[in-house]
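# Structural description and commentary
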Amino acid sequence: MENTENTPKKVMLSGIQPSGDLHLGNYLGAIRNWAGRADQFDCFYFMADMHTITVRQNPADLRRRTLEQLAQYIACGLDPEKNTLFVQSHVHQHAELGWVLNCYTMFGELSRMTQFKDKADRHKENVNGGLFTYPCLMAADILLYQPDFVPVGEDQKQHVELTRNIVQRFNGIYGDVFKMPEPFIPKAGARVMGLSAPESKMSKSVPEGCVFLMEQPEDIRRKFKRAVTDSDTEHCVRYDPEKKPGVSNLMTIYSAVTGKSYEEIESEFDGQGYGAFKPAVGDAVIETLRPIREETQRLLKDKAYLEDVYRTGAQRASAVAEKTLRKVYKKVGFLQR
Ligand code: TYM
């Protein structure tokens, strides 16, 4: 991932659905891994609003969350001067390439996607076509920008792998059209588990086990105090995801926000039990999130600035996306305008 002076910058791209408020899993698994890369990479980050409507949304809430998410991206350290920040639906090329890629993705491949199976199970009344072909739109999101790396949490790896299969198939027919992207998964925080049920990933659908970036310190503190630890008799802070999933998850979070290794954490809390450990994790998270929350609140007061950021972002993104789309349209045989 080194970049030397004379070679063109490598490209990084990722997105998050504004389907709920951003949480600690999104931050540790994704956004934190995006920030501070703009000197070395050409970075594109977007609000994946088109993806959210695969599940029914309240329109006013979706609009509000999309803007809030942009403010949060900036507050998390993504400088809009150095990163291209945009709203997916503002760049029409996503939907257009998405359609083309639908025709190069197999029913069997889409049927194997865990996110589809999970969501289809949770929203039985609305198993729509968009939910099924969602990974084709995600592949389009990625491939339009020809990125080298796609920084995501563990749960999105399968979608990036499918994108790689699509690249192989498409390039196999038409030559080198798309660059092969690689998932870029963080070492700590790739899969943050829920605080109330550490066997499943932290997700907004289980709010009592989910820490939101904008949450008040006292609420965060309470959630960590109530975090499910393990029913073993040992009661010591030791990393063992098999036997002690609750404590191990808290250790992962603590390690991710403090930079301490598991060994350092074990000796820090040696002989102290869970009663001291849980609030310490809560406090470390509160201090990590405090500047992000305050900066987001400040930015949200300046709507004109945020509008300017997403308009400029869409223009820059669209210029890049259009080049790829033209190439694809030509390759598949669409008559040029
Ligand atoms: P989404 O919106 O569900 O999640 C956004 C990012 O947060 C990561 N993440 C987590 N990481 C660690 N622990 C968790 N508990 C946790 N929960 C979420 C996800 O891995 C992801 O990186 N399909 C994507 C959005 C998307 C996208 C793209 C991503 C649309 N187009 C193109 C990359 C490139 C999604 O649903 O992520």
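Okay, so let's go over this structure. (Residues numbered from 1 in each chain as written. Predicted model: local features only at pLDDT ≥ 70, side-chain atom pairs only at ≥ 80, totals over all residues. Heavy atoms only, no water.)

Relative to the elements of secondary structure, Thr 52 occurs in helix α2 (residues 49–52). Along the primary structure Thr 52 and Ile 16 are separated by 36 residues, whereas in three dimensions their C-alpha atoms are 9.5 Å apart. Once residues lying within four places of it in the same chain are set aside, the contact partners of Thr 52 are Gln 17, Pro 18, Ser 19, Gln 57 and Leu 62. (Helix = DSSP H or I, 4+ residues; strand = E, 2+ residues; numbered from the N terminus. Contact = heavy atoms within 4.5 Å.)

To continue, consider the site of the ligand. Not every one of the 29 residues close to the ligand is listed here, only the nearest: Gln 17, Tyr 134, Asp 141, Asp 155 and Val 192. Contact between the ligand and Gly 25: a nitrogen atom at 3.1 Å from a main-chain N or O atom of the residue. Within the backbone of Val 192, one N or O atom sits 2.8 Å away from a nitrogen atom of the ligand. Burial of the ligand by the protein chains amounts to 96% of its free accessible area of 720 Å². Elements with a contribution of two residues or more to the shell around the ligand: β1 (10–16), α1 (24–34) and α7 (129–143). (Near = heavy atom within 4 Å. Polar contact = N/O pair within 3.5 Å; in protein donor to acceptor, adjacent residues only side chain to side chain. Areas by Shrake-Rupley, 256 points an atom, 1.4 Å probe, with all protein chains shown as cover.)

Moving on, we come to helix α4 (residues 93–102). Residues Gln 93, His 94, Leu 97, Gly 98, Val 100 and Leu 101 constitute the buried set of α4. Taken down its axis, α4 places every buried residue within 165 degrees of arc, on the same side. The secondary structure elements touched by the buried residues of α4 are β3 (83–87), α7, α8 (157–174) and α13 (303–332). (Buried < 20%, exposed > 50% of the residue type's maximum accessible area, 1.4 Å probe, protein only. Arc of directions from axis to C-beta.)

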